[in-house]
Structure formats: C-alpha cells, structure tokens
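# Observations on chain architecture
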Amino acid sequence: MTDKLILRALKGETLPVPPIWMMRQAGRYLPEYRATRAQAGDFLSLCYNPELAAEVTLQPIRRYGFDAAILFADILLICQALGADLWFETGEGPRLSTITTPAELAALKPAHAIHDRLSPVYETVRRLSRDLPAQTTLIGFAGAPWTVATYMIAGRGTKDQGPAHALKAADRATFAALIDLITEATIDYLSEQVKAGAEVVKLFDSWAGSLKGQDFTDFAVKPVAHIIAELKRRHPGLPIIAFPREAGQGYIGFAKATGADCVAIDNSVSPDWAAAHVQRDGCVQGNLAPHHMVSGGPALVEATRAVVQAFRKGPHIFNLGHGITPDADPENVALMIETVRKG
Ligand SMILES: Cc1c2[nH]c(c1CCC(=O)O)Cc1[nH]c(c(CCC(=O)O)c1C)Cc1[nH]c(c(CCC(=O)O)c1C)Cc1[nH]c(c(C)c1CCC(=O)O)C2
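None of the values given here were measured: they were computed from a predicted structure. Residue positions are counted from 1 within each chain, in the order its sequence is given. A pLDDT threshold of at least 70 governs which residues receive local features in this predicted model, and a stricter bar of 80 or more applies before side-chain atom pairs are shown or counted, although totals over entire chains, interfaces and linings include all residues. With hydrogens and water stripped out, all remaining heavy atoms of the structure feed into the side-chain values.

### Let's talk about the UniProt feature "binding site: substrate" (unreviewed entry) in the protein chain
UniProt positions are given in the numbering used here, feature names are shortened, and annotations may be inferred rather than shown by experiment. Under the UniProt annotation, "binding site: substrate" (unreviewed entry) lies at Arg 24, Gln 25, Ala 26, Gly 27, Arg 28, Asp 74, Tyr 151, Ser 206 and His 322. These annotated residues cover 299 residues of sequence, and their C-alpha atoms sit far apart, with the largest distance between any two at 22.8 Å. Here the residues from the annotation list that line the largest pocket are Arg 24, Gln 25, Ala 26, Gly 27, Arg 28, Asp 74, Tyr 151, Ser 206 and His 322. Helix numbers and strand numbers start at the N terminus; a helix is a DSSP run of H or I with at least 4 residues, a strand a run of E with at least 2. Looking at where Arg 28 falls in the secondary structure, it is placed in the loop between α1 (5–10) and α2 (31–40). Only heavy atoms matter for contacts: two residues are in contact if any of them lie within 4.5 Å across the pair. Beyond its immediate chain neighbours, meaning those up to four positions away, Arg 28 contacts Tyr 33, Arg 34 and Pro 326. Note on placement: Ser 206 falls in the loop between β5 (200–205) and α11 (214–234). Apart from the residues within four sequence positions on either side, Ser 206 is in contact with Thr 147, Phe 243 and Arg 245. Buried and open spaces are told apart on a 1 Å grid over the protein atoms alone, a cavity being a set of points where a 1.4 Å probe fits but cannot get out and a pocket being an open set with protein on both sides within 12 Å along at least five of seven lines. Residues with an atom within 4 Å of a point are the lining residues.

### So, the site of the ligand
Around the ligand, the surrounding shell holds 22 residues, and the nearest of these are Arg 28, Tyr 33, Arg 37, Asp 74 and Ser 206. Residues adjacent in sequence count toward polar contacts only when both atoms are side-chain atoms; beyond that, a polar contact is any pair of N or O atoms within 3.5 Å, and within protein one must be able to donate a hydrogen and the other to accept it. Residue Arg 24 places a main-chain N or O atom 2.8 Å away from an oxygen atom belonging to the ligand. A distance of 2.8 Å separates an oxygen atom of the ligand from a polar side-chain atom of His 322. Relative to its free-state accessible area of 860 Å², the ligand is covered by the protein chains to the extent of 88%. Whether a residue is near a molecule or strand depends on its heavy atoms: if one lies within 4 Å, it is near. Note on areas: Shrake-Rupley with a 1.4 Å probe; residue coverage comes only from the protein chains shown.

### Section: the layout of surface pockets
Grid points are joined across faces, edges and corners, and a volume is the space filled by probe spheres set on the points. Taken as a whole, the largest pocket encloses approximately 1400 Å³ of empty space. As for the largest pocket, its lining consists of 45 residues, and the residues nearest its centre are Arg 24, Arg 28, Phe 43, Asp 74 and Phe 88. At the level of elements, α2, α3 (43–47), β2 (86–89), β3 (93–96) and α8 (145–154) are the ones that each hand at least two residues to the lining of the largest pocket. Amino acids outside the nonpolar list (Ala, Val, Leu, Ile, Met, Phe, Trp, Tyr, Cys, Pro) and the charged list (Asp, Glu, Lys, Arg) are all regarded as polar, and Gly is one of them. When grouped by side-chain class, the residues that make up the lining of the largest pocket number 23 nonpolar, 12 polar and 10 charged.

### Quick notes on the sheet that holds β5
Strands in a sheet are paired, the pairing made by backbone hydrogen bonds, and the direction either parallel or antiparallel. Ordered by their spatial adjacency, 7 strands build an open sheet running β1-β4-β5-β6-β7-β8-β9, and the pairing between neighbours is parallel. Two strands in the sheet have a free side with no partner beyond their single neighbour: β1 (68–70) and β9 (316–320). Strand-to-strand twist in this sheet, taken as the mean axis angle between neighbours without regard to direction, amounts to 25 degrees. Should DSSP find at least two bridges between two strands, the strands are taken to pair. Relative to β9, strand β8 (residues 283–288) runs parallel, the two being bridged by 5 bridges. Paired with Gly 286 across the two strands is Phe 318, which belongs to β9. Helix axes are fitted only over the stretch in contact, all axes being lines through C-alpha atoms; the angle between N-to-C directions runs from 0 to 180 degrees.

Written out as structure tokens, the structure is:
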C-alpha cells in the first residue's frame, strides 16, 4: 500500500504536508493510557498483554489521527528474552541483572531462543495490523545493540553510560560478544515483527551520542548496518528508520553508512543544519523539542512551523526530537498536529 504517507516519505518523496507521529505517543500524558496501564497492573504486564498493548497503541491514533502507530513494547524486553532479570522501579526506571563477566555472558540464552518470551509482542503486532485504519502505518522497533548493551551492563539507565564504556575498555572481547549477541537477537526479533505485520521498523540508539570516533563507527554504525542489511535481505523493500540520538556530526552520512532509509534527528541540532547536512541523503524524521508539549502557546506554533519550513524541500516525517514526557498537555499535541497540517 504505497499510498500511505509515511511509506511515501520513506521512499524519498517530498510531500506538501509532512506525515506525523510522535515518539512515546502512547504514554502517561494520556489519561486513557494511565487507565489501561492500571488495568494491566504494571508496565511490563501491559507490554506482554496483546489485547491491552494493542489498545494503548490505538489510543493516540483515535485521539489524534497520527499517520503512524508504533507498537507498544519496550527496547528492554529483549534483555529479558535473552535471560536477564528485568523490572521497573516505580518513579525511577528500569532495573536489570548485570552482564559484566564472560560467565554472565555465557549464561544468557542464544539469540534464536528469544521468541517464547516475545511471542505476545508478535501477537500485538498481528492485532494492530488487523485493527489499524487503512491509512495508518504500523512501525515495529527494537533498541540498537549499543543502547541495549548499556542497560544490560549497568543494570539500569546511567547518565554517561560509564559501566558500558568501562567494560569496553577493560574486556573488549566480552563487550564485543555481548554486542554481537544483541545484534543477532535483534535481527530475529525485528524479522518476526515484520512477519506479524510491521510495515516499517525503527532502531532506537538513545545513547549513540556517547560513542566517539572509532567507537561510534564500531558500535553505533557497524551493528546497525549489519541489522539493516540482514533485514533487507530477508524482507526486500522493508523501510528502516535509524535514530542515533545526539550523534551530532555523526548524523552526517549515517544513512549511507548504515543503509537506513530515514535518519531520526534529536533536537540538539537545528532543523536547518539537519536539512543541509542529513536530508540531502534522504528522508529525515524530527525534530521538535519535546518541552513544547509541556509549555505550548505561540512558541510551540513558531517552533513547529520552523521545523516544517526547514525540511519542506525534501522527504520529511514530522516528529519530536525525543519522547513526549508525562507532564505534557494533550491539548498541546493537538495544537502541534493542527499547525503541521494546516500551516
Ligand atoms: C531507552 C529506552 C527505553 N525504552 C525505549 C527507549 C528508547 C527511546 C528513548 O530514548 O526514550 C523505547 C520505547 N519505550 C516505549 C516505547 C513504545 C512506543 C512509543 O510510544 O514510542 C518505545 C519505542 C514505551 C515506554 N517505556 C517506558 C514507558 C513508561 C512506563 C510507564 O507507563 O510507567 C513507556 C510508555 C519505560 C521506560 N523504558 C525505558 C526507560 C529508560 C523507561 C523509564 C523512563 C520512563 O518512564 O520514561 C527504556
């Protein structure tokens, strides 16, 4: 169905009005999300409940008519499928058992063993591909290996990814073997999402910005390039979005180096800079600062117009530069969409 706007932009078409969706569009800023999450009990139970996960995925589509729905799940589910313990501390974030030694790495499951645990996610995708409106594109996703590894090594989110950098320096073989394991598991995971009905997949590399120089090439570019090449071999024509968040200069040439059809841009770079240096290689996604969803008003309208204006001469998918935050006002999301669609 190439008439879907997101798929047209991903093929490189410049559209008069950019299609739009929003990172974390199903989330705590929406009262209906909070109600369904309470019904599920907790966040992980919601991720593994196909009926309720499909329901929260659909909520922002019903409310706002976004052009894409993103599967409701989390990048850390794959860690659990590989055998790590995973839980979420209320108000704090994810906690995992840590992988810092060859023995802990060896105790993980092989990549092909992830599907038992992840089969409810594939069922969510099947339900969504059946229930979504005809014009809405279904996006599947996974974390990129480096970002997933930072959580598996530290056992939690960290400001500077210190534990992962430390393991990379102290025991490069173990670190590289963990990256390889996550890479292989991610290929199988995304491939199953595509078989279940995902039309596009996105790789979230939230901590790509902390990799510098050769490390950026080795761990933000190479594993992502490998995943993309293998997915495109298995699923010819599959469009892929890569998000090497806060890559800065690393955004330049990232699409060519990895084979991604679209590079998602965070809001630490200006839309004009990204148009000049990244969009010349193809579709870009982004990059309104999420704080506008909290503050709203004329500044939101002005910043939204500036993003649309900067990217209007090439293929563009409108999005935020990072996920919407729980304190956002749902009315501001409506104002952003109206501004994008009506100018
Ligand atoms: C690093 C990362 C994670 N998860 C994700 C990333 C990469 C993108 C990014 O940088 O934000 C990706 C993610 N997480 C979630 C989605 C679903 C799809 C979407 O709506 O975008 C996606 C694509 C749901 C979620 N994942 C999480 C929530 C909030 C959970 C809740 O309901 O309490 C949601 C809706 C929890 C989560 N999950 C993660 C953290 C650090 C946290 C805690 C912080 C927080 O609460 O925002 C790991």
